[in-house]
Amino acid sequence: MWRCGGRAPGFLRRRSGGASPGAWRRRGSSACERAQQHKVGEQIHGFTVSQVTAIPELSLTAVKLSHDRTGAKYLHLAREDSNNLFSVQFRTTPMDSSGVPHILEHTVLCGSHRYPCRDPFFKMLNRSLSTFMNAFTASDYTLYPFSTQNPKDFQNLLSVYLDAVFFPCLRELDFWQEGWRLEHENPRDPQTPLIFKGVVFNEMKGVFTDNERIFSQHVQNRLLPDHTYSVISGGDPMCIPDLTWEQLKQFHATHYHPSNARFFTYGNFPLEQHLKQIHKEALSKFEKIETNTAVPAQKPWDKPREFQITCGPDSLAADSSKQTTVGVSFLLPDITDTFEAFTLNLLSSLLISGPNSPFYKALIESGLGTDFSPDVGYNGYTREAYFSVGLQGISEQDTQSVRDIIDRTIEEVIEKGFKEDQIEALLHKIEIQMKHQSVSFGLTLTSYIASCWNHDGDPVQLLKLGSQVARFRQCLKENPQFLQEKVKQYFKNNPHKLTLSMTPDDKYPEKQAQMETEKLKQKVNSLSPKDKQQIYEKGLELQDQQSRLQDASCLPALKVSDIEPTMSFTELEVALAAGETPVQYCAQPTNGVVYFRAFASLHTLPNELRPYVPLFCSVLTKLGCGLLDYREQAQQIELKTGGMTVSPHVLPDDVHLDTYEQGVLFSSFCLDRNLPDMMHLWSEIFNSPCFEEEEHFRVLVKMCAQELSNGIPDSGHLYASVRASRTLTPTGDLQETFSGMEQVSASPAQVKLMKRIAEMTDLGPVLRKLPHIQKHVLHRDNMRCSMNATPQQMSLAAKAVEKFIRSLSWSKKEQEPVCPYVVEKPAPSGSSVSSHVSGPRVLRKLITDPTFKPCQMKTHFLLPFPVNYVGECIRTAPFTDPDHASLKILARLMTAKFLHTEIREKGGAYGGGARLSRDGVFTLYSYRDPRSTETLQSFSEAVEWAKAGRFTQQDIDEAKLSVFSVVDAPVAPSDRGLDHFLCGLSDEMKQVHREQLFAVSREGLINVSTKYLGVGKSTHGLALLGPENAEIAKDPSWIVR
Ligand SMILES: [Zn+2]
């Protein structure tokens, strides 16, 4: 994977998912206490302790060490969290765009001296209970992290990771497969033309179909032009074919050395064990070297610079004449000056975040564009940070106006400064981010410190957020002009300023293709007949190697017996608030944060309003409410909560494929002390939402449409899957109009609808639909709520939710369900049904459609990408059916043992596989795929492979481990009990499902393959997103859109 820069500014930006179980289960922090006993100067397994620091604001203790013989740096963060994380980071500073660090990142994972089998990294996914395994190439470092809750697993993975990075095989064929190669289109037929292939080559082609990425890449390259930041670490597809295998090996020797490494561990496992293993298996085999990887300071400019670039046209853009992006960037100081970096990060948020910030008011509300330009705000991923601001979706003539607005806004800020409330809201955000527990906290921390540490900054200093906030307050107190002076220094009087504009060129994709053809011609023309013969033979050898059965027995593995046979149950209590509304209470160690959710069923909503539900949800908390206009409302939300979100949901039933619940989920969280204020805000939003601000509504709609359209290159496979399942179940159909489940953020239909709305000159008619939806949602009929908080906070939480519900009205008249088939279904609770849920049963109103007939449909969405996203969906069995468990294991088995090889290794796609979703739809998919119909052929071969039972017991066990690593993934205190609340799924039911998973047998797998997946057995749906396709165009069974 390759990462360039980041998207949003923030301090401890959270990834999706949330912290680990086991946290705070015990009183006191034994992991921290143990860590605090280390003394400076103490020697442990070849390392010497140099610093021990308690960081109470993050409930952790930091131990800094260095390795005596090699100089390797080490940071351990002890914390009472069972989701332990390891990472090793190398400073990788390439001087060309051949993608050498990125290709190396891929290639070291292809086999090592102790683990010489092909692709140990992917194989470990099936031999472990890891909660995370990946690798990232950033602009100036490469990071290899993994996390797991199991100590044995930790040792296994550590062993594989250490061997991979320090002793990789780096075979020539691995370089060919992962990097680039010339190969015949059909490797078996030397008459077919030679073309470029390779995983990274295709990955980067895919990356640069994303116009936002093109823009970000140019900003970094041109603002920091003197050293490594002027090149593309991920690789420019036009330069990748210049890299040789020799250069790759050389780069490894000079960069992947302990003297250039930073080790990081996090969690409650003992430090000594980690140090012992790392010293013994890796570091003891090296001597110190002088590394030459440091990035020198960028020489400051004496006058501003400007550049214009082009990109591909965006066929989904809201307005085709408005596709220009312009951004202004300023160079900031070195990120290792942690307090200056903290201040400028904060200042950047004040300048651009939310409707009260000066740049939002001046730029977004100018109506000139659709959204901010990419990477606005503070970018601290390079040695010297930078700040960017600008607009996208503008017309070319408006470029100068945008630049003038930026200059004027800077002047205004220097003159007027910021309101105290705005600063308080931001400091509140830092406080709540520190307290909110995520399940991937270790990963968040390693990413947070990586850049600063990479340039020899002090990572411990960076983590002491409490003292940074205190120092910041002090500076403001001593000098009320503190922030204004910074704006003057860094923005107004800074000649190191870059203006970059990007306009679409209709010929861009053609020109790119032309350049590739030229490059190819140049390569092919230089080949001798002998070279050609060799290419043909190596192509065959690679295919052969990929098809050969692999012996992975050298790799360590957990066994199915290492999986916990039973899961731990979460105690839940259901009570009725205001006499009628069910509220689920879940007492958890939430660290002083309260999590509130409400779900309102939508079974009375007329069908014609359905497509507007996502829009309704996305603007509901952003248009103002009660006496607050939208600015005041945004201020209150930031001051009092960690965010208030509203999202549409389709919840599939666990027994019937044609039954589901549709509704809207309201969720928010806040510090204990702000609960009454947060509930008051909800009350105002429910009772008097404002749907009048048409101008602000237009701003929101444009941003939303732009976001959806920018999201396609990254989630094309999800769009393809949603589309392909559309005609298979009634939920599939609904997902298409109104998505929101799991990671699917939208569907092609939603994208098109939003594009249409964004183009309307009069938004009044759309805005007036929203109060109609309101009538069906914002009242207390058919609502249920949940609260996750500490036990001490529960009685106050109950009072607050009671008051909130009493403030709500009933719907005016008894509303008729629009669909005649509404069934009431009780969620399991009460001691007779469920031992861990007490209180009355919650009735959910499900919609069912006994007349629904699944039908087959094949859709090709034409998109101007050089790669495809393919999805094939099959209607199978609901959650409680034992077949569901078998299909779940089967999906994993097919991915690991068949599709990965066919689609990624042989086909050259970035990814591909099979999965089963909760609604019983089985999906085969590919991601950034150079092939299209051939991939569909691979899908059907995968089914034949499964039906023939061409897998071993070992393969089945591995698939089970892999499935359980997801089933048993840690759940954050904020999210426990959520399955029961939303889907009526009790822990007993989940335990039954676990047992079904354990019981899956070889016969069961073959049986479900035959019963559901074969042609003519179950209904299939197909969707393809990608460029024009001659084969599909002449096949009338496809609908092209
Ligand atoms: Zn990659």
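Structure: above.
Basis of the calculations
Residues numbered from 1 in each chain as written. Predicted model: local features only at pLDDT ≥ 70, side-chain atom pairs only at ≥ 80, totals over all residues. Heavy atoms only, no water. Disulfide = S-S within 2.5 Å. Buried < 20%, exposed > 50% of the residue type's maximum accessible area, 1.4 Å probe, protein only. Salt bridge = Lys/Arg side-chain N within 4 Å of Asp/Glu carboxyl O. Helix = DSSP H or I, 4+ residues; strand = E, 2+ residues; numbered from the N terminus. Pairing = 2+ DSSP bridges. Contact = heavy atoms within 4.5 Å. Axes fitted to C-alpha atoms, helices over the stretch in contact; angles between N-to-C directions. 1 Å grid on protein atoms, 1.4 Å probe; cavity = no way out; pocket = protein on both sides within 12 Å on 5 of 7 lines; lining within 4 Å. Points joined across faces, edges and corners; volume = space filled by probe spheres on them. Nonpolar A, V, L, I, M, F, W, Y, C, P; charged D, E, K, R; others polar. Polar contact = N/O pair within 3.5 Å; in protein donor to acceptor, adjacent residues only side chain to side chain. Phe/Tyr/Trp six-rings, centres within 6.5 Å; stacked < 30°, edge-to-face > 60°. Lys NZ or Arg CZ within 6 Å of the ring centre and 35° of its normal. Parallel < 35°, antiparallel > 145°, perpendicular 65-115°, else oblique. Left-handed = near helix turned anticlockwise from the far one by under 90°.

Trainee: Pulling in residues and values, what's your account of the state of the cysteines?
Mentor: Counted by the stated rule, this structure contains 0 disulfides. In this structure Cys117 is a free cysteine whose sulfur lies 3.9 Å from that of Cys554, the closest cysteine sulfur available. A relative accessible area of 6% means that Cys117 is categorised as buried. No disulfide involves Cys690; its nearest neighbouring cysteine sulfur is the one of Cys625, lying 8.8 Å away. Judged by relative accessible area, which is 18%, Cys690 ranks as buried.

Trainee: Explain the pattern of salt bridges residue by residue, including any values.
Mentor: Once the charged atoms of two side chains with opposite charge are near each other, the side chains can pair. In total, this model carries 46 salt bridges according to the counting rule given. Arg181 is the partner of Glu183 in a salt bridge, and the nearest nitrogen-oxygen pair spans 2.7 Å. With relative accessibility at 4%, the residue Glu183 sits in the buried group. With a relative accessible area of 4%, Arg181 lands in the buried category. Close ionic contact of Asp658 with Arg875 constitutes a salt bridge, the shortest N to O distance being 2.9 Å. One end of the pair, Asp658, is in the loop between strand S21 (644–652) and strand S22 (659–671); the other, Arg875, is in strand S28 (residues 868–875), with 217 residues separating them in the sequence.

Trainee: Which residues make up the sheet that holds strand S31 (residues 1020–1026), and what are the values?
Mentor: The strand order across the open sheet formed by 6 strands is S29-S30-S28-S31-S27-S32, and the pairing between neighbours is mixed. In this open sheet, the two edge strands, each paired with only one partner strand, are strand S29 (911–916) and strand S32 (1039–1040). Against the sheet, helix H34 (residues 1002–1013) engages S28, strand S30 (921–929) and S31, with an angle of about 100 degrees to S28.

Trainee: Can you break down empty space enclosed by the protein residue by residue, with the values?
Mentor: In this approach the atoms are scanned with a rolling probe the size of a water molecule, which exposes any empty space left behind. For the structure shown, the criterion picks out 4 cavities of 30 Å³ or more. Computed from the structure, the largest cavity encloses a volume of approximately 100 Å³. Forming the boundary of the largest cavity are Ser349, Leu350, Ser353, Pro355, Asn356, Ser357, Gln422, Leu426, Ala634, Gln635 and Glu638. Among the elements that make up the lining of the largest cavity, the one with the highest residue count is helix H21 (residues 630–640) (3 residues). Residue composition of the lining of the largest cavity, by class: 4 nonpolar, 6 polar and 1 charged.

Trainee: Requested: an account of the pairing of strand S26 (residues 843–848), with residues and values cited.
Mentor: Sheet analysis places S22 next to S26, joined by 2 bridges and oriented antiparallel. When the bridges of S26 are listed, Tyr660 appears paired with Ile847.

Trainee: Talk me through the side chain of Ser329; I want residue IDs and the actual numbers.
Mentor: Structurally, Ser329 is set in strand S13 (residues 324–334). Within the local environment of Ser329, its side chain forms a polar contact with the side chain of Ser388, the two groups lying 2.8 Å apart. For Ser329, the contacting residues outside a window of four places in its chain are Val219, Leu223, Phe387, Ser388, His496, Lys497 and Leu498.

Trainee: Hey, could you go over the side chain of Gln793 for me, with residue numbers and the actual values?
Mentor: Within the element layout of this structure, Gln793 appears in the loop between strand S23 (783–789) and helix H28 (794–807). Looking at Gln793, the relative accessible area reads 10%, which means it is buried. Those residues in contact with Gln793 that lie beyond four places of it in its chain are Val594 and Asp672.

Trainee: Outline the packing of aromatic side chains, supporting the account with residue identities and numerical values.
Mentor: Under the defined criterion, the tally for this structure stands at 40 aromatic pairs. Taken together, a centroid distance of 6.3 Å and an interplanar angle of 75 degrees make the contact between Trp682 and Phe686 edge-to-face. With Trp682 and Phe686 both in helix H22 (residues 675–687) and 4 residues apart, this pair spans about one turn of that helix. Among the residues examined, Trp682 registers a relative accessible area of 0% and is labelled buried. The ring of Trp245 is capped by Lys249, whose NZ or CZ atom sits 3.5 Å from the centre of that ring.

Trainee: Which residues make up the packing of helix H19 (residues 529–547) against helix H29 (residues 882–906), and what values do they have?
Mentor: Their axes nearest at 10 Å, the elements H19 and H29 cross at an angle of 155 degrees. One finds that H19 runs roughly antiparallel with respect to H29. The interaxial crossing formed by H19 with H29 has right-handed handedness. Facing Gln543, Gln546 and Ser547 of H19, the residues of H29 in contact are Thr901, Glu905 and Lys906. Along the lines of polarity and charge, the residues of the contact of H19 with H29 split into no nonpolar, 4 polar and 2 charged.

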